[in-house]
Amino acid sequence: MRRRLSIKCHLLRCRVLAASRGVQEYALVARCGPPPRSWQLSRQPILCLVFICVLIAAGCSHKAPSPENLFRNDHVVPPHERIRLASGVEVLYFPSPHVPLFEVEVSFPRGADSDPADYSGLAVMTASLMRKGAGELDESQLVRRLDDLAAVVEEAVGEDRATFGTGGLNKSVDDVLNAFFSVVAVPQLAETSFSRMKRNFMDRVEQIADVPGALVSRVLALQLLNGTLKGRPSSGFLRDLRMLTVADVKRYYAMLVQPSKARVLVIGGKDRDEILEPVLRRLEAWTAQRIVDPDAAVDQGFKQWQPQAVSAFKAAPGVITIVQRPGLREAHVQMGFLGPSRQVPEYSELEVAEAILSGPFRSRLNQAIREKRGLTYGIGGEFNYGEKMSTYVISATCAEEKAGRLLRETWKQLRLFRNGTSLNDEELSAAKNYLIGSFPLILHDRYNVAKMYFSALLSGLPEEFLNAYRPGISAVTVESLKVAVKKYFPAPPYTTVVVGDAVKIGPALKAAGISYRVVEAKGFL
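Residues numbered from 1 in each chain as written. Predicted model: local features only at pLDDT ≥ 70, side-chain atom pairs only at ≥ 80, totals over all residues. Heavy atoms only, no water.

Draft legend 1. Fine view of the pattern of salt bridges. Scanning the entire structure with this criterion turns up 25 salt bridges. The shortest N-O distance in the salt bridge between E154 and R131 comes to 3.9 Å. Within this pair, whereas E154 is found in strand β4 (residues 152-157), its partner R131 is found in the loop between α5 (122-130) and α6 (139-148), the two being separated by 23 residues in sequence. Overall, the relative accessible area of 12% leaves E154 in the buried class. (Salt bridge = Lys/Arg side-chain N within 4 Å of Asp/Glu carboxyl O. Helix = DSSP H or I, 4+ residues; strand = E, 2+ residues; numbered from the N terminus. Buried < 20%, exposed > 50% of the residue type's maximum accessible area, 1.4 Å probe, protein only.)

Spelled out as structure tokens, the structure:
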């Protein structure tokens, strides 16, 4: 449930900075399945060269803070300004005097959880279609225009919010902002683009059945979240996607893009005049032209979806679900449970618990199951926090004949951990040192910190959350950790899904005394 806006120029900057610092780049797989086709840097060699040269020049002229200063409170969150316009739009501004790049995000409080009844996938479809032509520029013209400006426009739809972002060179700010605000304010939402995109969306959902990692994530999410507000995949069900029309998208756009409810992040510029003021002028013009009463019932004829349990997705207690994929030569395993929201008071304890149990290479699960017993190619787990709840998911891949032993040993380790067995100061200290030591990696530049800070504020976290992270981890004790684990980690076995060849996996589970049922993938698409 963590929301991350992947803006192309930000990714490029991160890759360049990561390469210079030896930082590895990781990707998260969302519960909606395989992501859309990613932007290939090789397709834009000139754009890449421009950004790389700018970043190298900026890096030579700007001295990075020392590691000891990086932990000082005044270095965690850079100087910034909060502005509230007369229209109600809230703006968070971070100047960036040493790097001639800017980024802007506009976020609205509607996401996949707000999809109307029988319209799953509509929020993602609408946000994606908004970029396929805007104002007087059709889809291909808009792409060429952005390429000429060495700029990007992207969208990200989470469960609770939809965010649109742009970025480019400071010298092109006016032209880039004109293109960006046309996407947000006057998208074409053309029938031809919609028809092609609808087919692509349906193809990607159908392809989930052929991607074991995506399939096991989707099935487990539908089982864990069954009967909750988050009980539908953000990518949509095939039955709903087939029924979508461009008229539905246009109706939903009127609900999604409410200017008075927008929250805006602006990063860049040596002073207000360079980047912030051009953004504010366009925000004021946009909100003046499109005034919608935020308290009015703007349902556009849609029926609000009410959470309801689906019997086909219900996981029977103590019974493992095998999703049949004949011919697959390995078992993809996920298990998990529902946890607390990010606002939980014991957040620091749960961060440490995750690190000890299923985080880095020295975690309990990895050492016990992979290193000592050789039951898996790799195993790990994490909390995925949302505003109202979280999921904790453990993932592993193993040979089919080892699936039963892997599950039994994992449950054993979970029971030992929940009971506080062998938890000591040495193990606690190692986990705390790992978390505190890796903390500076998220602070490699003000763009990253600003985006994290903005995302946290949207989620309702206090302003000091970044400054409080390291002290919070340092304050965790063995006793406070044991109490939190006992409180939030249920007794195993957890809801568990295995994707693979049931003919081979079934006997391995039966030999381990584990009950199971076999289902087909198409029932979860």
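Draft legend 2. Focus on helix α7 (residues 173-185). For α7, which comprises 13 residues, the first-to-last C-alpha distance of 17 Å matches the rise-based estimate of 18 Å (1.5 Å per residue) to within 8%. Of all the residues in α7, the buried ones are V173, V176, L177, A179, F180, F181, S182, V183 and V184. (Expected span 1.5 Å × (residues − 1).)

Draft legend 3. Spatial organisation of the sheet that holds strand β10 (residues 390-399). Pairing within the open sheet is mixed, and its six strands lie in the order β9-β10-β8-β11-β7-β12. Of all strands in the sheet, those with a lone pairing partner are β9 (378-385) and β12 (515-520), marking the two edges. Between one strand and the next, the sheet's axes are offset by a mean angle of 20°, whatever the strand orientation. Across four bridges, strand β7 (residues 319-324) lies against strand β11 (residues 495-500) in parallel orientation. Counted as the bridge partner of I322 is V498 from β11. The strands touched by helix α9 (residues 212-224) within the sheet are β7, β8 (330-339), β10, β11 and β12, with β8 carrying the most contacts at an inclination of about 30°. (Pairing = 2+ DSSP bridges. Axes fitted to C-alpha atoms, helices over the stretch in contact; angles between N-to-C directions. Contact = heavy atoms within 4.5 Å.)

Draft legend 4. Examining the pairing of β10 more closely. The element β10 is largely enclosed, with a buried count of nine among its 10 residues. In terms of strand pairing, β8 meets β10 through 10 bridges, oriented antiparallel. Pairing of G336 across the sheet is with V393, part of β10. Bridge analysis of β9 against β10 gives eight bridges, and the strand direction is antiparallel. Each bridged residue has a counterpart across the sheet, and for G380 the counterpart in β10 is S395. Between the end of β9 and the start of β10, which pair antiparallel, lie four residues.

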